[in-house]
Every structure is written in C-alpha cells, then in structure tokens.
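Given next are the chains, with one letter for each unit.
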Amino acid sequence: MLRSPEEIATERRAARRRTTGWTVLVLALVLGLVMSFLPTPYVIEQPGPVFDTLGSQTVEGKDTPLISIDGETTYPTSGTLDMLTVSVVGTPKQTPSWAEVVQAYFDSSKAVVPLEAVYPPDVTTEQRDEQNAALMVDSQQEAIAAALSSLGYDFTTSVSVGSVAKDSPAEGELETGDIVTSVNGQAVGSIDQLRAAVAANGVDKPAIVDVTRAGTPVEASITPITSGDTSVLGIGVQSNFDFPFDVKIQLDNVGGPSAGMMFALGIIDKLRDGELNGGQKVAGTGTISADGTVGPIGGIRQKLFGARDAGADWFLAPASNCDEVTGHVPDGIRVFAVATLDDSLNALKAISSGTGLDALPTCDASAAK
C-alpha cells in the first residue's frame with residue numbers, strides 16, 4: 001500500500017520526536033549520574049545522637065552514668081531529660097554530592113549550609129575539634145555551678161587567664177594560668193566582675209591587675225584598648241569553681257556548649273528528692289551560665305526533629321531561638337520557651353503535675369509580641 005508524502009512526513013516527524021525524547025531522557029540520566037558524584041560547596045546538618053542526661057552510655061565496655069555525683073546524697077530518677085546533637089554530613093575533603101544536597105533541601109529535618117559556615121577556611125579541623133571540646137568542658141562547669149546555685153549550695157569561684165592575644169596590652173604582663181584577683185583594688189570573683197572593672201577603668205590610663213601566678217602574687221600595669229564598644233585587656237578568661245563535692249559528666253565525642261541547660265537539669269534531678277520531670281520524656285537544649293542564664297544554640301530545627309524521633313513529648317527551647325522554632329515544630333511535640341534555669345524548672349514542674357501548662361511561655365507567644 002502506497003503512502004502519501006504527507007503520511008511519510010508525519011511518520012518521520014514522530015520518529016524524530018521519539019528520538020529527541022529518548023536523547024533528552026538519556027542526557028538527563030547521565031547528568032543526574034554525573035551530578036550525584038560532583039562535590040558541592042555545602043555540608044548537611046541533620047539530627048544527631050540523643051543522650052539522656054539521667055541515663056548512661058557505654059565507655060570502654062562499661063555502662064557509665066552520664067552524670068555521676070560523689071560525696072552527696074542522690075535520688076532515683078525516671079523518664080528522660082534528653083540533650084540533643086547535630087550531625088554534619090560532609091567535610092572539607094569530601095562534601096556531599098549535589099544529589100544529596102537536593103534531597104536534603106526538601107527534607108525539613110535537615111539543613112543545607114555553606115561549607116565555610118561549619119569549617120572556616122582559617123581554622124583546621126583539629127583546631128575546630130579542640131575548640132568544641134574546650135567549649136564542652138566549660139559548659140559542664142557552668143552547668144554544675146548553675147545547678148548547685150539553684151539548690152542553695154555554697155562554693156567559691158575565680159577567674160583565670162586562658163589565653164593572651166598576640167600584640168595585646170596584656171602580652172608580656174599576664175600568662176596563661178594566672179588567677180585574676182583584683183583590678184584597681186576591686187575584687188574579681190567572676191568574669192562579669194572582671195569585665196565591669198576593666199570597663200570602669202576605661203582606655204585612657206593603666207589598670208592595676210593583681211594575679212596569683214603559681215601561688216605567688218604578681219602585680220601588672222596594663223592599659224586597656226577599645227574593642228567594639230568596650231575596653232579589654234587582650235586576654236581570654238575562664239571561670240574556675242571549687243565545688244563542695246564531685247560532679248562528673250562523662251560524654252565522649254560530643255563538643256560545644258549547647259547541652260549546658262540539660263546538664264544542669266540532670267544534676268538537679270539527681271540531687272533533689274522526687275522526679276523533676278514527673279517521669280515523662282522531656283528534651284531540650286540551650287547554653288547555660290553560672291547565674292542560670294539560658295543562651296541560644298545552633299541547629300535548633302534539627303534538634304527538634306531529633307527529640308521527636310527519640311520519643312520526647314516536651315521540648316525546652318531557648319527563648320532567644322524562638323524565631324527559628326516558630327512554624328517548624330514537628331507534630332507530636334510541645335515546645336516551651338525558656339530564658340533562665342528557673343524558667344526550665346517551672347516548665348518541668350508544670351509538665352510533672354499536668355497543671356499550668358497553658359500559662360507557660362511558648363515561642364508562638366514570643367513571636368506574636
């Protein structure tokens with residue numbers, strides 16, 4: 001049967017369309033395959049391991065309490081007071097593929113962030129790990145101080161020099177490990193007191209800084225310089241506490257300061273008769289200072305999903321993180337906003353009793369103000 005020229009032309013156009021379609025499909029598959037292996041300038045943050053501060057972990061094959069207290073009476077606990085972590089997928093040497101990045105972009109439990117935000121180019125991985133480990137140690141000490149202060153224990157504090165900046169006014173005058181005792185005759189027992197004394201001196205005259213170095217009193221004359229809107233000596237300082245009994249926090253391979261509030265709550269629960277959380281599953285996050293101030297943390301959205309996946313029903317979030325919390329709370333978990341350790345204790349009291357929950361601050365209420 002003979003076909004007309006029109007029929008032949010139509011069939012050829014259809015054949016070309018089929019060929020073009022297959023070509024586009026093959027190219028898309030090849031492009032997708034190539035993209036799945038190409039490195040990216042991003043890393044992915046996702047929910048990390050969850051640790052119950054009332055529980056334990058395996059250390060060198062032994063079941064070891066996360067918080068252990070020696071020298072004071074402790075009480076049984078139940079339920080959970082979970083601290084959350086964030087895991088990072090990718091390193092400067094091996095970043096996620098574009099396929100992984102695209103997948104994470106559409107996953108509400110994950111965040112795609114620039115590589116430099118997690119791994120600054122001027123900081124080595126080893127330096128970053130050391131900094132995070134130091135922040136964790138400081139956070140634990142601040143948490144112990146906040147918890148014991150809340151419970152009414154007495155202890156002494158001091159401020160020591162942790163580092164001296166190169167070419168700073170303090171270089172050659174102060175040394176790492178010096179205990180700062182006074183500035184211009186004003187006693188110094190906390191970092192806030194040191195800052196206030198240096199600020200009061202100003203930058204137009206030397207400050208007389210008294211320290212104890214290896215047990216020997218040393219007097220230094222240092223003229224502060226301006227940094228931002230305050231005067232500084234050019235030193236990094238850290239708080240030291242002399243607690244009345246031993247509190248040890250054992251947590252391996254986790255860094256940063258964001259678990260401070262939950263450490264403090266775990267310590268209080270162990271030292272106070274009765275269950276702080278009413279035996280319920282509670283999670284939370286936030287830095288802590290010795291005076292009980294709760295500060296903001298990173299990765300709050302990932303931690304919310306980590307808490308939900310761990311089975312928590314309640315979440316204590318820093319009020320200063322509320323802008324990141326509002327509209328991103330997973331189903332099945334209720335969030336309360338806290339700014340101090342006392343706020344956290346009030347929330348736990350309401351959770352334990354089941355009364356007064358609606359009167360507690362929430363991030364939605366904070367955002368509405």
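Quantities reported herein were computed from a predicted structural model and do not represent experimental measurements. Positions within a chain are numbered from 1, following the residues in the order the chain's sequence is written. For a predicted model such as this one, the threshold for reporting local features is a pLDDT of at least 70, and the threshold for listing and counting side-chain atom pairs is 80 or more; totals across whole chains, interfaces and linings nevertheless cover every residue. Excluded from the side-chain calculation are hydrogens and water; included are all heavy atoms of the structure.

**Points about the overall build of the protein**
Phase 1 of the analysis: Working definition: helices are DSSP H or I runs of at least four residues, strands are E runs of at least two. Numbering for both runs from the N terminus. What the protein contains, in helices and strands, is 10 helices and 20 strands.
Phase 2 of the analysis: Residue burial in the protein is summarised as follows: out of 369 residues, 37% are buried.
Phase 3 of the analysis: Whether two residues are in contact is decided by their heavy atoms, any of which lying within 4.5 Å being enough. By sequence separation, contacts in the protein at least 24 residues apart represent 72% of the contacts at least 6 residues apart.
Phase 4 of the analysis: Here the accessible surface of atoms and residues is derived via Shrake-Rupley with a 1.4 Å probe, and residues count as covered only by protein chains that are part of the display. Element-wise, carbon and sulfur atoms account for 52% of the exposed surface of the protein, whose accessible area totals about 19700 Å². The buried label applies to any residue whose accessible area, calculated with a 1.4 Å probe on protein chains only, is under 20% of its type's maximum; exposed applies above 50%, and partly exposed to all values in between.

**A closer look at the pairing of strand β3 (residues 62-65)**
Phase 1 of the analysis: Two strands are said to pair when DSSP picks up at least two bridges between them. Examined bridge by bridge, strand β2 (residues 56-59) and β3 share 4 bridges and lie antiparallel to one another. Residue Gln57 lies in a different strand from β3, and its bridge partner there is Thr64.
Phase 2 of the analysis: Hairpin remark: β2 followed by β3, antiparallel, with 2 residues in the connecting loop; positive phi at Glu60, about 55°.

**Description of the layout of surface pockets**
Phase 1 of the analysis: A pocket, in this scheme, is an open set of points on a 1 Å grid over the protein atoms alone with protein on both sides within 12 Å along at least 5 of 7 lines, while a cavity is a set where a 1.4 Å probe fits but cannot get out; residues line either one if an atom lies within 4 Å of a point. Grid points are joined across faces, edges and corners, and a volume is the space filled by probe spheres set on the points. Here the largest pocket defines a volume of roughly 930 Å³.
Phase 2 of the analysis: For the largest pocket, the lining is made up of 35 residues, of which Val86, Val88, Arg128, Asn132 and Gly255 are closest to its centre.
Phase 3 of the analysis: Elements with a minimum of two residues in the lining of the largest pocket: β1 (42-52), β5 (80-89), α3 (115-118) and α4 (125-151).
Phase 4 of the analysis: Basically, the charged four are Asp, Glu, Lys and Arg, the nonpolar ten are Ala, Val, Leu, Ile, Met, Phe, Trp, Tyr, Cys and Pro, and anything else, Gly included, counts as polar. Here the lining of the largest pocket is composed, by residue class, of 19 nonpolar, 12 polar and 4 charged.
Phase 5 of the analysis: In this model, the second largest pocket occupies a volume close to 710 Å³.
Phase 6 of the analysis: In terms of lining residues, the second largest pocket is bounded by 30 residues, among which Glu142, Ile191, Ser239, Ser289 and Ala290 are the most central.
Phase 7 of the analysis: At the level of elements, α4, β7 (156-164), α5 (191-201), β14 (235-242), β17 (287-288) and β18 (294-295) are the ones that each hand at least two residues to the lining of the second largest pocket.
Phase 8 of the analysis: With 8 residues, α4 is the largest single contributor of residues to the lining of the second largest pocket.
Phase 9 of the analysis: In the lining of the second largest pocket, the residues fall into 12 nonpolar, 13 polar and 5 charged.

**Considering the environment of Gln131**
Phase 1 of the analysis: Mapped onto the fold, Gln131 is located in helix α4.
Phase 2 of the analysis: Here Gln131 falls in the partly exposed class, since its relative accessible area comes to 46%.
Phase 3 of the analysis: Distance from Gln131 to Gly255, taken between C-alpha atoms, is 8.2 Å for residues 124 residues apart in sequence.

**Considerations on α4**
Phase 1 of the analysis: To estimate how far a helix should extend, the number of its residues minus one is multiplied by 1.5 Å. The terminal C-alpha atoms of α4 lie 39 Å apart, and with 27 residues this matches the ideal 39 Å at 1.5 Å per residue to within 8%.
Phase 2 of the analysis: By the burial criterion, the buried members of α4 are Arg128, Met136, Ser139, Gln140, Glu142, Ala143, Ile144, Ala145, Ala146, Ala147 and Leu148.
Phase 3 of the analysis: Once α4 ends, the next one or two residues include Gly152, with phi positive near 90°.

**Points about unusual backbone geometry**
Leaving glycine out, the prevailing phi sign among residues is negative, and the prevailing peptide bond configuration is trans.
Phase 1 of the analysis: We note that Asp167 has phi near 60°; this positive angle belongs to a residue other than glycine.
Phase 2 of the analysis: One non-glycine residue, Ala214, lies in positive phi territory at about 50°.
Phase 3 of the analysis: Relative to the helices and strands, Ala214 resides in the loop between β10 (207-213) and β11 (216-222).
Phase 4 of the analysis: The class for Ala214 is exposed, based on a relative accessible area of 82%.

**What to know about the state of the cysteines**
Phase 1 of the analysis: Count a disulfide wherever a pair of cysteine sulfur atoms falls within 2.5 Å. By the definition in use, this model includes 1 disulfide.
Phase 2 of the analysis: Through a disulfide, Cys322 is tied to Cys363; the S-S separation comes to 2.2 Å. Because the sign of the S-S torsion sets the handedness, a value of about -75° for the bond joining Cys322 and Cys363 places this disulfide among the left-handed ones. Here Cys363 lies in helix α10 (residues 363-368) and Cys322 lies in helix α8 (residues 322-325), a separation of 41 residues in the sequence.
Phase 3 of the analysis: On the basis of relative accessibility, which here comes to 3%, the residue Cys363 falls in the buried class.

**Section: the pattern of salt bridges**
Phase 1 of the analysis: Here a salt bridge means any side-chain nitrogen of Lys or Arg lying within 4 Å of a carboxyl oxygen belonging to Asp or Glu. In this structure the tally under the stated criterion is 6 salt bridges.
Phase 2 of the analysis: Where Arg128 meets Asp129, a salt bridge forms, and the shortest distance between an N and an O atom there is 3.8 Å.
Phase 3 of the analysis: Residue Asp129 is classed as partly exposed on the basis of its relative accessible area of 41%.
Phase 4 of the analysis: Across the pair Glu175 and Arg213 runs a salt bridge, and its minimum N-O distance is 3.7 Å. With Glu175 in the loop between β7 and β8 (179-183) and Arg213 in strand β10, the pair connects residues that are 38 residues apart, well separated along the chain.
Phase 5 of the analysis: Here the residues in one salt-bridge network are Glu175, Asp178 and Arg213, joined through shared partners.

**Re the sheet that holds strand β16 (residues 281-284)**
Phase 1 of the analysis: Reading across from one edge, β6-β1-β5-β16-β19-β20 is the order of the 6 strands in this open sheet, with mixed pairing throughout. Each end of this open sheet is capped by a strand with a single partner; those strands are β6 (111-114) and β20 (334-338). Recorded for the sheet is a direction-independent mean angle of 35° between the axes of neighbouring strands.
Phase 2 of the analysis: Strand contacts of helix α2 (residues 98-105): β1 and β6, with the helix running at about 60° to β1, the strand carrying the most contacts. Convention adopted: a line fitted to C-alpha atoms gives each axis, helices being fitted over their contacting stretch, and angles between N-to-C directions are expressed from 0 to 180 degrees.

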